[in-house]
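Residue-level listing of the chains:
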Amino acid sequence: CCTLLISSINTGARMPLKTLEIASAIRRVANYPIQNNVASNKVFQRLRRTIAYMKQRNQTVNTSSHLGSDRDAYDSKLSELEKKLIDSEIARASLIEEKKATLKKFQEFRDKFK
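So, how was this worked out
- Residues numbered from 1 in each chain as written.
- Predicted model: local features only at pLDDT ≥ 70, side-chain atom pairs only at ≥ 80, totals over all residues.
- Heavy atoms only, no water.
- Helix = DSSP H or I, 4+ residues; strand = E, 2+ residues; numbered from the N terminus.
- Buried < 20%, exposed > 50% of the residue type's maximum accessible area, 1.4 Å probe, protein only.
- Areas by Shrake-Rupley, 256 points an atom, 1.4 Å probe, with all protein chains shown as cover.
- Salt bridge = Lys/Arg side-chain N within 4 Å of Asp/Glu carboxyl O.
- Patch = residues over 30% accessible without salt bridge, like charges linked within 9 Å, V, L, I, M, F, W, Y side chains within 5 Å.
- pLDDT = per-residue confidence, 0-100.

A. Up close: the overall build of the protein chain. The helix and strand inventory of the protein chain stands at three helices and zero strands. Across the 114 residues of the protein chain, 0% fall into the buried class. Summed over all atoms, the accessible surface of the protein chain reaches about 11,400 Å², with 58% contributed by carbon and sulfur.

B. Spotlight on the pattern of salt bridges. Within this structure, the stated rule accounts for three salt bridges. Residues Lys83 and Asp87 are paired through a salt bridge, measuring 3.0 Å at the closest nitrogen-oxygen approach. Here the residue Lys83 and the residue Asp87 both occupy positions in helix α3 (residues 69–112), the gap between them amounting to four residues, near one helical turn. Residue classification places Asp87 among the partly exposed positions, given a relative accessible area of 39%. The salt bridge partner of Arg92 is Glu89, with a shortest N-O separation of 3.7 Å. With Arg92 and Glu89 both in helix α3 and three residues apart, this pair spans about one turn of that helix. Owing to a relative accessible area of 41%, Glu89 belongs among the partly exposed residues under this scheme.

C. Molecular detail of a nonpolar patch on the surface. A cluster of nonpolar side chains, contributed by Leu103, Phe106, Phe109 and Phe113, occupies part of the molecular surface with about 500 Å² of accessible area. Looking at where Leu103 falls in the secondary structure, it is placed in helix α3.

D. Representation of the confidence of the model for the protein chain. Looking at the protein chain as a whole, its pLDDT mean stands at 77, while 74% of the residues score no less than 70. Of all helices and strands in the protein chain, the one with the weakest mean pLDDT is helix α1 (residues 17–27) (76), whereas α3 scores best (86).

The following block contains the structure:
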């Protein structure tokens, strides 16, 4: 971000306190040269294009003309995947319980034959 400040202070007039505070603050501002970096500009341009594309794509998906049979197929597939996820979580939970029971049996046998 570049900011250009042009100001004038009249030394002959009485300056209000606020003007002096502003001048003091401006004096503390660090100035440095700005180098135009072409590589970073290209990255930012690509990211802006990607953002614009994704916004346009999101808008297209949300329009009512696109919500026909494609939306029904999407909902069906989503429902199917959610069911698979629930089934896999149930299977995982039962395997964890089975593992705990097996480890408990091994512990009992180890304690018994020690």
